[in-house]
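This is what each chain is made of:
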Amino acid sequence: MNFTNAFSLLSDYAEPYAWFPQSASTFSETNDWLYNWITYTCLVFFIPIVFALVYFSVKYKKPKGTKAESNVAHNTILELTWSIGPSFFLVGMFILGARAYLDQRDVPDGANEINVQAFKWGWTMDYGSGVFHPELHILLDEPVKLSMRSTDVIHSLYVPAFRAKKDIVPGRYNYMWFKPTVANERVSDAELAAAVKETKDLGETWNYDKHQFTPDGYRFFDLYCTEYCGTNHSEMQTVVVVHETLKDLTDWISANSVRPDGTPPAEYGEKLYKNRGCAGCHSVDGSKRVGPSFGGLYGRDEEMTVGGSVKADENYLRESILYPKEKIVAGYQPVMPSYKGQLSDDDIYSIVEYLKTLSSGDAAK
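Since this is a predicted model, take the numbers as computed values, not measurements.

What is the right way to read the overall build of the protein from this model?
What the protein contains, in helices and strands, is 8 helices and 12 strands. At 28 Å, the protein has a C-alpha radius of gyration far larger than the 21 Å of a compact globule built from 365 residues. Taking the principal axes of the C-alpha coordinates as reference, the protein spans close to 100 × 50 × 40 Å. The buried share of the protein, reckoned over its 365 residues, is 39%. About 21,100 Å² of surface is accessible on the protein, with carbon and sulfur atoms providing 57% of the total. For the protein, the separation between the mean place of its 35 positive charges and that of its 46 negative charges on side chains is 8 Å.

Explain the pattern of salt bridges here, please?
Where charged atoms of side chains with opposite charge meet at close range, the side chains can pair. Under the definition given, this model contains 12 salt bridges. Where R300 meets E302, a salt bridge forms, and the shortest distance between an N and an O atom there is 3.1 Å. Its relative accessible area of 7% is what places E302 among the buried residues. Residues joined by salt bridges that share partners form a network here, namely E314, E353 and K356.

Which parts of the structure should I look at to understand the packing of helix 1 (residues 26–59) against helix 2 (residues 76–105)?
The description of two helices packed together rests on the angle between their axes and the distance between the axes. The contact between helix 1 and helix 2 brings their axes to 11 Å, and the two run at 165°. The angle between helix 1 and helix 2 places the two elements in the roughly antiparallel class. Helix 1 and helix 2 meet at a crossing whose hand is left-handed. The residues of helix 2 that touch helix 1, namely those facing F27, T30, N31, W33, L34, W37, I38, T41, C42 and F45, are P86, F89, G92, M93, L96, G97, A100, D103 and Q104.

How do you make sense of the confidence of the model for the protein when you look at a structure like this?
Predicted coordinates in regions of low pLDDT should not be interpreted in detail. Model confidence for the protein is summarised by a mean pLDDT of 87, while 93% of its residues fall at 70 or above. Mean pLDDT across the secondary structure elements of the protein bottoms out at helix 6 (residues 265–275), with 85, and peaks at strand 6 (residues 155–159), with 96.

Would you mind showing me how to read the environment of H282 here?
Structurally, H282 can be placed in the loop between helix 6 and strand 11 (301–303). Residue classification places H282 among the buried positions, given a relative accessible area of 12%. Along the sequence, H282 and F294 sit 12 residues apart, while their C-alpha atoms lie 6.0 Å from each other. If sequence neighbours within four positions are ignored, H282 has contacts with Y273, R289, G291, P292, F294 and M336.

Mind showing me how you'd approach helix 6 here?
Count 3.6 residues to each turn of an α-helix, and residues three or four apart come out pointing the same way. Within the span of helix 6, buried status applies to Y268, G269, L272, Y273 and N275. Where helix 6 is buried, its residues meet strand 3 (132–133) and helix 8 (345–357). Of the residues one or two after helix 6, G277 is the one with positive phi, at around 85°.

Would you take a moment to explain the nonpolar core for this structure?
Most often, soluble globular proteins keep nonpolar side chains buried together rather than apart. Counting residues in each nonpolar core, the largest one holds 39 residues, and the members touching the most others are W123, L136, I138, L146, L157, F162 and F178. If you tally residues by element for this core, the top one is strand 10 (residues 237–243), at 4 residues. Dropping the residues within four chain positions of it, L136 is found in contact with I114, M125, Y127, L146, F178, L223, V239, V240 and V241. With 25 residues, the next largest nonpolar core counts Y273, F294, Y332 and V352 among its residues.

Conventions and cut-offs
Residues numbered from 1 in each chain as written. Predicted model: local features only at pLDDT ≥ 70, side-chain atom pairs only at ≥ 80, totals over all residues. Heavy atoms only, no water. Helix = DSSP H or I, 4+ residues; strand = E, 2+ residues; numbered from the N terminus. Rg over C-alpha atoms; globule rule 2.2 N^0.38 Å. Buried < 20%, exposed > 50% of the residue type's maximum accessible area, 1.4 Å probe, protein only. Areas by Shrake-Rupley, 256 points an atom, 1.4 Å probe, with all protein chains shown as cover. Lys, Arg positive; Asp, Glu negative; His and termini not counted. Charge placed at Lys NZ, Arg CZ, Asp CG, Glu CD. Salt bridge = Lys/Arg side-chain N within 4 Å of Asp/Glu carboxyl O. Axes fitted to C-alpha atoms, helices over the stretch in contact; angles between N-to-C directions. Parallel < 35°, antiparallel > 145°, perpendicular 65-115°, else oblique. Left-handed = near helix turned anticlockwise from the far one by under 90°. Contact = heavy atoms within 4.5 Å. pLDDT = per-residue confidence, 0-100. Core = buried A, V, L, I, M, F, W, Y, C linked by side-chain atoms within 4.5 Å.

Written out as structure tokens, the structure is:
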């Protein structure tokens, strides 16, 4: 973020010197109007008071050593006016603010529900029928209810463009809703193809900040965790994509539900590695992150925290994905969430096949 964008109060990308990021929900329209009304009302009182203070300070200034004089007078009408008059504005601010707050708490009937799992340090959106994805995809002009839970510590889901935020407390379900009013566009096929080729040539994971669109070519709104949740809290980010039509949304869900016909398992496993948040904790170049590197992992003997070692074969990798706290590698903390129920057998098989490609020699045979 450059200096000019620092003027945005909500710390999201915006036009240079914009007061707020783009408004893209019914909440943002209401909250921005209310914020502006309160700000300008305060200025109406603040500016005359400051000028009056300066004026009277100069007018009644006495030379040093001059004896003070008392000019205290009482004016009942004036005192009632400046005491009671502003109270109407204060009551109005409370009523409008309370109405806006309660509107965000009351989920409308018929809202489209999406389950959200928060964990250190990623997000999983459950679209039903076994479809999981780290990105949040929703439909334009349709209310959306998020049923959220945390598997470890407290998190907080925040979408600046929607002006919507809600803490996610572990041990309970937490709910929020919003209604998007702006759809995200798709970039041209040529622009998407160039970005995909560049990412593949560099051997990197998809860079949302650099490209400003998803690997599927959609522009997006940012989604952050705004509750400090550990050393990699700042990396707990994903995106929100608002689809203009139901067909476009269902097509995207269908494309992400199963391995496409003809796609090799290892290739699909690499896609899952990048899309399901694995890359945030496991490198592929041998560097140490939150978890062990996937580079050269398959076939390697891993030292355990309880002593002894385990060979990283298919069964060990599968167990580590479904029950990550059963066998902890020495030097790492048991912080990985379970993906049981979130990955199909074919998904796990594809990931294991991808891990084999990251090992060389006899280990991968």
